[in-house]
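Next come the chains, spelled out residue by residue.
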Amino acid sequence: MATTSRLKGVVAVVAASGAYAALNLRNPDVSANDRGDSESTRQKISDPNAVVPTREVQKSALIGSSISSPFDVLVVGGGATGCGVALDAVTRGLRVGLVERDDFSSGTSSRSTKLIHGGVRYLEKAVFNLDYGQLKLVFHALEERKQVIKNAPHLCNALPCMTPCFDWFEVVYYWLGLKLYDLVAGPRMLHLSRYYSLDESVELFPTLARNGRGRNLKGTVVYYDGQMNDSRLNVGLACTAALAGAAVLNHAEVISFIKDDTGERVIGAHIRDNLTGKEFDTYAKVTVNAAGPFSDSVRKMADKDKQPIISPSSGVHIVLPDYYSPEGMGLIVPKTKDGRVVFMLPWLGRTVAGTTDSNTTITMLPEPHEDEIQFILDAICDYLNVKVRRSDVLAAWSGIRPLAIDPSAKNTESISRDHVLCEDYPGLITITGGKWTTYRSMAEDAVDASIKSGKLTPSNGCVTSHLCIVGGDGWDPASFTVLAQQYIRMKKTHAGKVVPGVMDSAAARHLAHAYGTLAERVAAIAQNENLGKRLAHGYPFLEAEVAYCARHEYCESVVDFIARRSRLAFLDTDAASRAVPRVIQILAAEHKWDRIRQKQELEQAKLFLQTFKSSHNAQFHDGKHTVMDVK
């Protein structure tokens with residue numbers, strides 16, 4: 001009976017896949033009129049001489065709004081969804097402002113698994129439970145996955161992921177399931193999945209164990225999903241929105257909402273610039289709450305009696321040395337003791353493994369618990385022939401998933417993995433839940449709702465499905481060769497002498513992928529301003545990047561740089577700590593910091609890095625690990 005019901009589920013999914021594909025063929029994404037607007041916007045964003053407005057200019061634009069001349073849309077929150085909303089709205093011809101109390105991508109959006117995935121587990125639920133809702137989630141995510149990779153090719157790529165099979169039933173089960181995943185993806189498929197024999201698998205993944213828990217490996221099934229540099233993609237969205245005309249401001253916190261004379265509609269916000277302490281008012285016809293895990297606190301600013309809709313979940317990841325996984329091949333542990341899938345993926349020259357899924361409290365700087373770190377280590381150890389050690393953990397971090405309950409739902413039995421959109425106070429629209437992969441369509445839904453709520457008049461429809469972010473338009477994977485051949489790295493020694501250095505392939509590749517078509521700007525700073533030295537031994541990050549990000553990417557603090565403009569804090573906490581003093585020197589020169597501010601930046605960086613539980617934030621006695629209480 002179970003086998004028959006599963007077969008019926010597969011048939012139903014196949015039929016639905018064909019119907020959905022046919023529906024997409026009849027409904028093109030972008031109208032002919034919108035293509036013209038998209039082209040003009042694309043030219044503005046891809047202009048090689050384009051420079052984002054300064055932070056002061058952006059702040060002045062926000063202050064310059066008034067009751068008689070408000071923004072069309074004010075976005076609260078600078079994560080993936082918030083920046084996506086700002087970009088969508090401004091490219092429809094609307095007047096847009098965005099404020100983020102910390103930094104773009106400072107929350108959940110920088111702490112993801114780094115995957116752009118269609119949701120293969122949702123497909124499993126769709127088949128076994130005959131759940132069309134889950135199937136629609138897969139269709140939707142696969143559609144968005146392809147567009148994200150296409151719109152940010154320098155920051156995203158297809159990644160093969162290997163699933164170990166320890167008996168022949170698993171081989172057949174995973175092969176059929178992943179072939180179904182390919183079928184559902186249809187024209188949006190990245191590459192075909194396939195089975196690899198034992199010998200082929202070990203050749204592709206040398207650290208893969210041939211046996212585990214007394215079982216012998218029979219082979220693996222490899223399928224493809226997308227991978228990204230999440231916070232750089234988020235910052236790219238913010239900068240793209242700024243180039244398109246949105247007034248985006250990080251380190252600016254909403255203190256309270258401004259309501260109309262009747263007190264029945266939100267018409268703006270009272271904002272504090274957290275860098276200066278000064279406060280100002282900004283007015284807008286519609287405010288979009290895209291604050292992720294903090295969405296409830298924003299909702300309560302409008303109405304303190306609102307019931308929470310966020311069910312926060314902790315997702316912990318750890319970073320291990322590169323020898324844990326080969327470059328260009330991920331590993332999936334399909335069954336863990338809590339039923340969750342654990343990934344082990346190559347990322348920026350290291351290996352990232354995760355994730356956990358457990359209840360948590362909402363905080364600005366979530367920290368991973370030691371048992372969560374150990375859970376991940378235990379989950380991967382049976383699948384590897386390398387000794388898995390706590391002392392190998394270069395960094396460990398926690399992110400808060402804003403799982404959401406729809407306030408309009410009749411019951412709250414299940415928490416949606418899809419996004420929730422509601423306007424439970426006039427003039428304030430909340431968009432939350434969902435996942436990184438679907439940020440663009442979430443933003444589209446939020447802007448559609450904003451237009452309806454504020455009776456706005458956009459000049460065109462949504463164009464973001466075919467809009468490259470800054471640095472992506474015209475990018476070529478071989479562009480790093482131009483950097484390697486045409487630029488040198490001028491380095492200043494400790495004695496103050498300037499010496500030339502080679503723009504080696506590692507540095508050139510890094511710049512090409514991190515900055516796309518704008519990489520030559522960074523290379524020029526390294527060459528012409530004697531900022532070509534590496535910030536940390538063994539990593540390709542250059543001093544020139546600090547100056548570039550301060551000038552062109554709204555990098556306002558040391559943590560902004562080590563955590564989100566570069567990914568050094570996430571890759572190696574100890575290396576990031578060693579780089580902090582030099583980062584402070586360069587940012588101090590760019591932003592004219594005095595000694596007091598420099599000292600504050602040093603202390604804030606130390607506190608931030610203490611929340612990343614690398615082996616350096618732990619104690620070992622006779623090879624056994626104990627937690628160190630970091631004050």
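This one's a predicted model, so the numbers in the text were calculated from it and none came from an experiment.

An account of a nonpolar patch on the surface is requested, with residue identities and associated values reported.
There is a patch of nonpolar side chains on the surface, built from Val172, Trp175 and Leu176 and spanning about 290 Å² of accessible area. Mapped onto the fold, leucine 176 is located in helix 7 (residues 168-185).

How would you explain the pairing of strand 4 (residues 156-165) if you had to name every residue and give the values?
Within strand 4, eight of the ten residues are buried, which leaves the element mostly enclosed by the surrounding structure. Of the strand pairs in this sheet, strand 4 and strand 8 (residues 219-228) are connected by ten bridges, and their pairing is antiparallel. In the strand pairing of strand 8, leucine 159 is matched with aspartate 225. Pairing geometry for strand 4 and strand 14 (residues 330-333), over two bridges, is parallel.

Mind laying out the packing of helix 16 (residues 543-552) against helix 19 (residues 573-591), listing which residues take part and the relevant values?
Axis separation between helix 16 and helix 19 bottoms out at 9 Å; the angle between their running directions is 35 degrees. For the element pair helix 16 and helix 19, the recorded crossing hand is right-handed. When helix 16 is examined against helix 19, the residues Glu543, Val546, Ala547, Ala550 and Arg551 are found in contact with a partner set consisting of Arg582, Val583, Ile586, Leu587, Glu590 and His591. Among the residues forming the contact of helix 16 with helix 19, the class breakdown is six nonpolar, one polar and four charged.

With reference to specific residues and values, describe the layout of surface pockets.
Here the second largest pocket is characterised by a volume of approximately 1,100 Å³. What lines the second largest pocket is a set of 38 residues, among which Glu327, Trp347, Leu348, Gly349 and His513 lie closest to the centre. For the lining of the second largest pocket, the secondary structure elements donating two or more residues are strand 4, strand 8, strand 15 (342-347), strand 16 (350-354) and helix 14 (505-515). Here the lining of the second largest pocket is composed, by residue class, of 18 nonpolar, twelve polar and eight charged.

Describe in detail the pattern of salt bridges, supporting the description with residues and values.
Under the definition given, this model contains 34 salt bridges. Two residues, lysine 285 and aspartate 72, come together in a salt bridge whose shortest N-O distance is 3.3 Å. Here lysine 285 is found in strand 12 (residues 279-289), whereas its partner aspartate 72 is found in strand 1 (residues 71-76), with 213 residues between them in sequence. Accessibility expressed as a relative area gives 37% for lysine 285, which makes it partly exposed. Residue classification places aspartate 72 among the buried positions, given a relative accessible area of 13%. Here glutamate 444 ties to arginine 440 by a salt bridge, and the two come within 3.1 Å at their closest N and O atoms. Taken together, the residues span about one helical turn, with glutamate 444 and arginine 440 both in helix 12 (residues 439-454) at a distance of four residues.

I'd like a rundown of the confidence of the model for the chain, residues and numbers included.
Per-chain confidence: the chain averages 89 in pLDDT, with 90% of residues scoring 70 or above. Counting interchain partners and residues more than four positions distant, the pLDDT-below-50 stretch residues 1-15 has 15 contacts. Every residue in residues 18-30 scores below 50 in pLDDT, and together they form eleven contacts with partners more than four places removed in sequence or on other chains.

Outline helix 16, listing residues and values.
Burial within helix 16 is extensive, with nine of its ten residues counted as buried. Taken together, the buried positions of helix 16 are Glu543, Ala544, Glu545, Val546, Ala547, Tyr548, Cys549, Ala550 and His552. On its buried side, helix 16 packs onto helix 9 (230-244), helix 14, helix 15 (519-528), helix 17 (558-565) and helix 19. Backbone geometry just after helix 16 places tyrosine 554 at a positive phi near 55 degrees.

Could you give an account of the pairing of strand 11 (residues 266-273), with specific residues and numbers?
Bridge analysis of strand 10 (residues 252-259) against strand 11 gives seven bridges, and the strand direction is antiparallel. Bridged to valine 254 within strand 11 is isoleucine 271. Pairing of strand 11 with strand 12, which is carried by five bridges, proceeds in the antiparallel orientation. Across the sheet, the residue bridging to isoleucine 271 is phenylalanine 280, located in strand 12. Between strand 11 and strand 12, which pair antiparallel one after the other, the connecting turn spans five residues, and glycine 277 there sits at a positive phi close to 85 degrees.

Describe in detail the packing of aromatic side chains, supporting the description with residues and values.
This model, assessed by the stated rule, comprises twelve aromatic pairs. Measuring from centroid to centroid gives 5.7 Å for tyrosine 181 and tyrosine 223, while their planes differ by 80 degrees, and the two rings are edge-to-face. Of the two residues, tyrosine 181 is situated in helix 7 and tyrosine 223 in strand 8; the sequence distance between them amounts to 42 residues. Of the two residues, tyrosine 181 and tyrosine 223, neither departs from the other in class, the shared state being buried. With a centroid separation of 5.5 Å and 75 degrees between ring planes, the pair formed by tryptophan 436 and tyrosine 439 is classed as edge-to-face. The same class applies to tryptophan 436 and to tyrosine 439, which are both buried.

What counts as what
- Counting starts from 1 at the beginning of each chain's written sequence and moves along it residue by residue.
- Side-chain atom pairs in this predicted model are given and counted only at pLDDT of 80 or more, local residue features only at pLDDT of at least 70, and totals for whole chains, interfaces and linings cover all residues.
- Values shown for side chains rest on all heavy atoms present in the structure; no hydrogens or waters enter the calculation.
- Each patch is built from residues that are more than 30% exposed by relative accessible area and take part in no salt bridge. Like charges join if they lie within 9 Å; nonpolar side chains (Val, Leu, Ile, Met, Phe, Trp, Tyr) join within 5 Å.
- Exposure was quantified through the Shrake-Rupley algorithm and a 1.4 Å probe, taking into account, for residues, occlusion by the shown protein chains and nothing else.
- Salt bridges, as used here, are contacts in which a Lys or Arg side-chain nitrogen is within 4 Å of a carboxyl oxygen on Asp or Glu.
- Under the scheme used here, helices are H or I runs from DSSP no shorter than 4 residues and strands are E runs no shorter than 2 residues, and both carry numbers assigned from the N terminus.
- Relative accessible area decides the class of each residue, using a 1.4 Å probe on protein chains only: under 20% of the type maximum gives buried, over 50% gives exposed, and in between gives partly exposed.
- Two strands make a pair as long as DSSP finds a minimum of two bridges between them.
- All axes here are fitted lines through C-alpha atoms, helices being fitted over the stretch that makes contact, and every angle between N-to-C directions spans 0 to 180 degrees.
- Crossing handedness is defined as follows: a turn of the near helix away from the far one that is anticlockwise and smaller than a right angle gives a left-handed crossing, while the clockwise case is right-handed.
- By definition, residues are in contact when any of their heavy atoms lie within 4.5 Å.
- Three residue categories are used. Nonpolar comprises Ala, Val, Leu, Ile, Met, Phe, Trp, Tyr, Cys and Pro, charged comprises Asp, Glu, Lys and Arg, and polar comprises the others, including Gly.
- Space inside and on the surface of the protein is sampled on a 1 Å grid over the protein atoms alone, with a cavity defined as a set of points where a 1.4 Å probe fits but cannot get out and a pocket as an open set with protein on both sides within 12 Å along at least 5 of 7 lines; lining residues have an atom within 4 Å of a point.
- Grid points are joined across faces, edges and corners, and a volume is the space filled by probe spheres set on the points.
- A residue's pLDDT is simply how confident the predictor is in it, with values from 0 to 100.
- Here a Phe, Tyr or Trp ring, Trp counted by its six-membered ring, pairs with any other such ring whose centre lies within 6.5 Å, and the pair is stacked when the planes are under 30 degrees apart, edge-to-face when over 60, and tilted otherwise.

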